[in-house]
Structures are given as C-alpha cells and as structure tokens.
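# Breakdown of the fold
Listed below are the residues making up each chain.
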Amino acid sequence: MRNDPWEEGRPTTHGIEIKPVLVTCPETGAGITLNGWDFGGQRVYRPTHQLFFSAPAVYLVIWKPREGPQQGFVTEWIDLVKRREPEARILVVATHGGPKARQPDIDRQELWDRFGKETIIDFFQVESKPDAKTQERRGIGALKEAIAQVAAGLPEMGRAFPEQWQAVRERLRAGPEAWLSLKQYLALCREQDIGPEDARLLLRICHRVGDLIHYEHDRTLRDILVLKPDWLATAISFVLDDEHTRRKTHGLVGFDRLGRLWHDPERPEENRYPASLHPIFLRLMERFDLSYRIADAGEAAVEASTSLIAQLVSDVRPEERLAAACPTVCFDGHASLCACGREPWLA
Ligand SMILES: Nc1nc2c(ncn2[C@@H]2O[C@H](COP(=O)(O)OP(=O)(O)OP(=O)(O)O)[C@@H](O)[C@H]2O)c(=O)[nH]1
Ligand SMILES: [Mg+2]
C-alpha cells in the first residue's frame, strides 16, 4: 500500500512498526496521510497489541488463503479488536490474489452475522507482488480506496490544528523519547503558550489519531504518555515470556520479581525501565486483563503485591493432592521452595 519496492522473503514484523500510508478520498479527491500501524501477527505479540487499539481507525485483518482463515486467526483478531473498541471498523483482506479453487474461502455471512456490517465493512483480495509485465498490484487500488472512504468518515479527519499545537505534535514525533511524563508534556505545551486545558484537549486528540498512547481516565496511567509503542510492548513481553513464572510459580509473580524483569542489569540499557514506571506497567497489565492482583491479607501495597499472569498459568489443572499436602506455598520470586521444602505445586 505504500508503493515500496517488492521484497522477496520479507522478514517477520517484530512488535509494531508505524509508517505513513497515503490514500486519496474518492469523493473529494483530498489526500489523507494515515498513521499506519503494522502489528506483528505472531502469537507472542497478540496480548500486547490490544493496548494500542483505538476507535477512530481503520483496521485491516489480513489472512493468507493457502493457510486458510483459521490459521490466520481472522475471527480471533476481529474479536480482540471489537472487544476493546466496539466502534472499530474492519476490512478483511486475503493476500496472494485471494483464494484459488480448492482453497478455503472465508465465511463472509458467518462473520457478518457475528460482528455486524457496521464492524466488518467489506472483504478484499489483493496480490501484493507486482505483476511482472504491468507492475500492477492487483486489488491494492480498490483496498486503498475503501480505506480512504472509511477514514474520511472518521471523527478527527480533516481537523485543523493551530500552529502551536502542530509544533507540539511534531516535537513529540521527532523527539528521541519513548515516553514522557504528563508533567514533561505540559511543560512542552507551555513552551508553545498552550495552557493546561488546551494541552489536555490536544493530548486526547493525539491519542485518538494514533500519535501516542495516553489513558486519561485512569488515575495511575494518566501520568505517562507512550510515544513509542514498541518500548511498552517489549516491557510487557518480558513478563509474558518469563519462563520462571510459567514453570516454577505457575503464573504467580511478586512485584519484586516484576521489578527485576523490568530492570535487569543483564539487559542492554534501552531495555531497562526505571522503578518509577513499574507500578504503572502493572496497572496497565491489569487494565488489559493480562494480570490480576491476588487477594492478599488486607490491601497490600503494590510493592508487596502478588499478581497472576493469565498467560502463564498452566493449561493443565494442578493436582489437588499436592495442593492439599502443601498449603503454605511461597510464591516469592527468590525462593521457589515452600515451607515444607517442596517446590510449590510440583511433585
Ligand atoms: N505473492 C505474494 N506474496 C505475498 C503477498 N503478501 C505477502 N506475501 C509474502 O508472504 C510473506 C509474508 O508476508 P508479510 O507481509 O511479511 O506477512 P506479515 O503478515 O507481515 O507477517 P508478520 O510480520 O510475521 O506478522 C513475505 O515473504 C511476502 O513477500 C501477496 O499478496 N502475494
Ligand atoms: Mg509483517
């Protein structure tokens, strides 16, 4: 869609890539520059992508006919988007020229019945590889036109920005920071003579148009602006990939272990996250149902809390016999031995 040259055997997308995509509104002829967010399709990324979904966007769910819609998890992706953003508009796209005879096609009616036509706008077939003779990429034009049509109807489309507001947007885009505190952001706005009230309105709009991530309605989360989604997705992946939590403590993790995962001296500097961010990350994971705080004796402070990471819970039920024989288990990240000297829930 970006008219980039064809690349044979393109490497898989790690995390999220953001690049501009230019489309033209078929009705008015106006050019629209979209913030194109490319979400890596691999399983490990699935839980964190939803942190970045927002409603005023056009979603493409892409599948490969040779593997079939099942393999591409078309329904799961639509579900994931729709659960977070009930107003989302989605286009479903088959690559490789669409299904050939004897390849599984997608069940359009089933998807429309399930999600509604206001969610699933339409189905498309594209061949991204340019034709050897004509250099045409079949179906791409029609897809871009449909994207432009949906985009043109989005609430923030065509909004004019005062010069000072635009200056802040550009500063945020060009800056090296992966994140800013709300305070730092307000200071940037002050430099442009933007008062706090306007600054908050601008922030809301920036979130809606996909410039950054900001959860204004959450007491803990509203203190930070995420400018580089990969930075945040990587932090969360350190927890979701933690083998110790998966195998030794069966999904239970203490705040101190989270602290070590997020500030591991063995990782390169750019993959270490200051302690002040850790409660914010935990809150984010809770907000998106990636983790649940377990009920401690009394309301424990976050520093003393233990969380259950849903993804890391074994899919096999633990044996009741062991749990009964071993009631006082230690889920502390340091020591995986419980009072009886046995590893928790392990034979
Ligand atoms: N011939 C042909 N090849 C395609 C088409 N779309 C993708 N490919 C090839 O299929 C492979 C995977 O395509 P990608 O676009 O990287 O797939 P992706 O969905 O981004 O994969 P992840 O980044 O892992 O999520 C690459 O080698 C592409 O060149 C298409 O329409 N036609
Ligand atoms: Mg990719």
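This structure is a prediction, so every number in the text was calculated from the model and none was measured.

What counts, and where the lines are drawn
- Residues numbered from 1 in each chain as written.
- Chains lettered and ligands numbered in written order.
- Predicted model: local features only at pLDDT ≥ 70, side-chain atom pairs only at ≥ 80, totals over all residues.
- Helix = DSSP H or I, 4+ residues; strand = E, 2+ residues; numbered from the N terminus.
- Buried ≥ 20, exposed ≤ 12 C-beta atoms within 10 Å, placed from the backbone.
- Contact = placed C-beta atoms within 7 Å.
- Near = placed C-beta within 6 Å.
- Nonpolar A, V, L, I, M, F, W, Y, C, P; charged D, E, K, R; others polar.
- Pairing = 2+ DSSP bridges.
- Axes fitted to C-alpha atoms, helices over the stretch in contact; angles between N-to-C directions.
- Core = buried A, V, L, I, M, F, W, Y, C linked by C-beta atoms within 7 Å.
- Domains from an automatic or database assignment.
- Parallel < 35°, antiparallel > 145°, perpendicular 65-115°, else oblique.
- Left-handed = near helix turned anticlockwise from the far one by under 90°.
- Expected span 1.5 Å × (residues − 1).
- Arc of directions from axis to C-beta.
- pLDDT = per-residue confidence, 0-100.

The number of helices and strands found in the protein chain is 13 helices and 10 strands. Across the 347 residues in the protein chain, those meeting the buried criterion constitute 24%. Considering only residue pairs separated by 6 or more positions, the protein chain has 61% of its internal contacts joining residues 24 or more positions apart.

Turning our eyes to something else, we now look at the site of ligand 1. In the region of ligand 1, 14 residues are neighbours, and Thr12, Thr13, Gly41, Thr95 and Ser128 sit closest. Partitioning the shell around ligand 1 into residue classes produces 2 nonpolar, 9 polar and 3 charged.

An order of S3-S4-S5 is seen for the 3 strands of this open sheet, with the pairing classed as parallel. Because the sheet does not close on itself, it has two edges, and the strands there are strand S3 (58-63) and strand S5 (120-125). Taking each pair of neighbouring strands and ignoring which way they run, the sheet shows an average axis angle of 20 degrees. Here strand S4 (residues 89-94) pairs with S5 via 5 bridges, running parallel. Considered in S5, the bridge of Val93 is made with Phe124.

Glancing now at the nonpolar core. One finds Ile236 and Phe281 to be the most contacted residues of the largest nonpolar core, which totals 35 residues. Ranked by the residues each element gives to this core, the list is headed by helix H9 (residues 229-240), at 6 residues. Each of domain 2 (163-224) and domain 3 (230-312) accounts for three or more of the residues forming this core. Once residues within four sequence positions are removed from consideration, Ile236 is found in contact with Thr48, Met285 and Leu290. With 23 residues, the next largest nonpolar core counts Tyr59, Trp77, Ile78 and Ala148 among its residues.

Following both chains from N to C, one finds H9 and helix H11 (residues 255-262) inclined at 125 degrees, their axes separated by 9 Å at the closest point. When the axis of H9 is compared with that of H11, the two are oblique. Considering the relative orientation of H9 and H11, their crossing is right-handed. Contacts between H9 and H11 involve Ala235, Phe238 and Val239 from the former and Leu258, Leu261 and Trp262 from the latter.

Taking 1.5 Å as the rise per residue, helix H8 (residues 196-208) with 13 residues should run 18 Å; its terminal C-alpha atoms sit 18 Å apart, in good agreement. Turning to H8, its buried residues are Ala199, Leu202, Leu203 and Cys206. For H8, the arc enclosing every buried residue in end-on projection is 105 degrees, short of the 170-degree limit, so these residues lie on one face. Within H8, the exposed residues directed more than 90 degrees away from the buried face are Glu197 and Arg204. Against helix H6 (163-174) and helix H7 (182-191) lie the buried residues of H8. Of the residues one or two after H8, Gly210 is the one with positive phi, at around 85 degrees.

Glancing now at the confidence of the model for the protein chain. With 90% of its residues at a pLDDT of 70 or more, the protein chain shows a mean pLDDT of 88. Here residues 332-339 scores under 50 on pLDDT; set against residues more than four positions off or in separate chains, the count is 19 contacts.

Okay, the sheet that holds strand S10 (residues 306-309) next. Read across the open sheet, the 3 strands follow the order S8-S10-S9; overall the sheet is antiparallel. In the strand order of this sheet, the two ends are held by strand S8 (252-254) and strand S9 (291-293), each with one partner. Within the sheet, the average angular offset between the axes of one strand and its neighbour, ignoring direction, is 30 degrees. With 3 bridges connecting them, S8 and S10 associate as antiparallel partners. Bridge pairing in S10 links Gly254 to Thr306. Relative to the sheet, helix H12 (residues 278-287) contacts S9 and S10, its axis offset from that of S9 by approximately 110 degrees.

The subject of this paragraph is the packing of H11 against H12. Across the interface, H11 lies against H12 with an axial gap of 10 Å and an inter-helix angle of 105 degrees. Judged by the inter-axis angle, H11 sits roughly perpendicular to H12. Each of Leu258, Gly259 and Trp262 in H11 lies in contact with H12, whose residues at this interface are His278, Phe281 and Leu282. Counted by class, the contact of H11 with H12 contains 4 nonpolar, 2 polar and no charged residues.

Right, let's get into unusual backbone geometry. Positive phi values are uncommon outside glycine, yet Gln135 reaches one of about 65 degrees. With respect to the element layout, Gln135 can be found in the loop between S5 and helix H5 (140-152). One non-glycine residue, Asp289, lies in the positive phi region at around 60 degrees.

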